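# Results of the structural survey
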Amino acid sequence: MSNLPPLNTATIWAIFHEQIDDSTVNQLVWHYLGYRYDSATDKWDNSEVSSEWRDEYPEPPDFIDSRPATVKLTRSIPQENKQIAKEKLGFKGYKIGEFGPRQTRRATAANWLLSYLQETNGKIE
């Protein structure tokens with residue numbers, strides 16, 4: 001997971017436009033939630049993960065395949081950031097018939113990452 005793209009608006013757009021694969025999207029969210037893979041022990045270190053996530057998911061969930069994990073991710077976005085991709089990036093969403101659960105879950109991950117960026121940096125550039 002050391003080759004993750006930087007957390008910036010270009011990466012968020014790449015998630016929306018499916019230029020970043022699902023595995024990398026998951027890894028980005030895992031990283032910013034605090035999950036770290038320890039190759040020496042071949043196990044996940046979740047000591048930096050908030051108990052809210054660690055208790056339910058001792059190992060990082062697959063946000064693209066798991067609706068419950070994605071619902072939890074959505075609920076963890078602060079209310080003021082629920083529409084952050086629309087407000088800060090002008091993301092208009094997907095057109096009906098051009099998206100399914102996978103794209104919706106990727107959009108949730110992108111929105112969560114953008115919210116994380118806003119919350120940690122105080123701004124989005």
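In this report, the structure presented in the accompanying data block is examined.

The rules we used
Residues numbered from 1 in each chain as written. Predicted model: local features only at pLDDT ≥ 70, side-chain atom pairs only at ≥ 80, totals over all residues. Heavy atoms only, no water. Helix = DSSP H or I, 4+ residues; strand = E, 2+ residues; numbered from the N terminus. Buried < 20%, exposed > 50% of the residue type's maximum accessible area, 1.4 Å probe, protein only. Contact = heavy atoms within 4.5 Å. Lys, Arg positive; Asp, Glu negative; His and termini not counted. Charge placed at Lys NZ, Arg CZ, Asp CG, Glu CD. Phe/Tyr/Trp six-rings, centres within 6.5 Å; stacked < 30°, edge-to-face > 60°. Lys NZ or Arg CZ within 6 Å of the ring centre and 35° of its normal. Polar contact = N/O pair within 3.5 Å; in protein donor to acceptor, adjacent residues only side chain to side chain. Arc of directions from axis to C-beta. Core = buried A, V, L, I, M, F, W, Y, C linked by side-chain atoms within 4.5 Å.

Our focus in this paragraph is the overall build of the protein. Scanning the protein for helices and strands turns up 6 helices and 2 strands. Starting at the N terminus and ending at the C terminus, the protein contains elements arranged as α-α-β-β-α-α-α-α. When the backbone C-alpha atoms are referred to their principal axes, the protein occupies close to 45 × 35 × 25 Å. With 125 residues in all, the protein has 43% of them scored as buried. Partitioning the contacts of the protein with sequence separation of at least 6, the portion at a separation of at least 24 is 62%. Within the protein, the 18 negative side-chain charges are centred at a point lying 7 Å from the centre of the 15 positive side-chain charges.

Before going further, it helps to spend a moment on the packing of aromatic side chains. What the rule picks out here adds up to 10 aromatic pairs. The interplanar angle of 65° and the centroid separation of 5.8 Å between the aromatic rings of Trp13 and Phe16 together place this pair among those described as edge-to-face. One end of the pair, Trp13, and the other, Phe16, are both in helix α1 (residues 9–16), 3 residues apart, so they sit about a helical turn from each other. On the basis of an interplanar angle of 35° and a centroid distance of 5.8 Å, the ring pair of Trp53 and Tyr57 is categorised as tilted. One exposure class covers both Trp53 and Tyr57, and it is buried. Every member of this aromatic cluster is reached through a ring pair, and the members are Trp30, Tyr35, Tyr37 and Trp44. Over the aromatic face of Trp53 sits the side chain of Lys72, whose NZ or CZ is 5.2 Å from the ring centroid.

Right, let's get into the side chain of Ser115. For Ser115, the location among the structural elements is in helix α6 (residues 101–121). Of note is the side chain of Ser115, whose polar atom sits 2.9 Å from the side chain of Asn81. Sequence-distant contacts of Ser115, defined by excluding residues within four places in its chain, comprise Ile77, Pro78, Asn81 and Ile84.

Next up on the list: the environment of Leu33. Mapped onto the secondary structure, Leu33 falls in helix α2 (residues 22–33). Here Leu33 falls in the buried class, since its relative accessible area comes to 10%. For the pair Leu33 and Glu48, spaced 15 residues apart in sequence, the C-alpha to C-alpha distance is 7.9 Å. Apart from residues lying up to four places away in sequence, Leu33 is in contact with Glu48, Val49, Ser50, Trp53, Phe63 and Trp112.

On to helix α4 (residues 67–75). Of the residues making up α4, those classed as buried are Ala69, Thr70, Lys72 and Leu73. Taken down its axis, α4 places every buried residue within 160° of arc, on the same side. Exposed residues pointing more than 90 degrees away from the buried face of α4 are listed as Arg67, Pro68 and Arg75. If you check the start of α4, you find a side-chain oxygen 3.2 Å away from the backbone N of Ala69, and it comes from Ser66.

So, about the nonpolar core. One finds Ile12, Phe16, Val29, Trp53, Phe63, Leu113 and Leu114 to be the most contacted residues of the largest nonpolar core, which totals 33 residues. Sorting the residues of this core by element identifies α1, α2, α4, α5 (84–89) and α6 as the ones contributing at least two each. Ranked by residues supplied to this core, first place goes to α6 with 7 residues.

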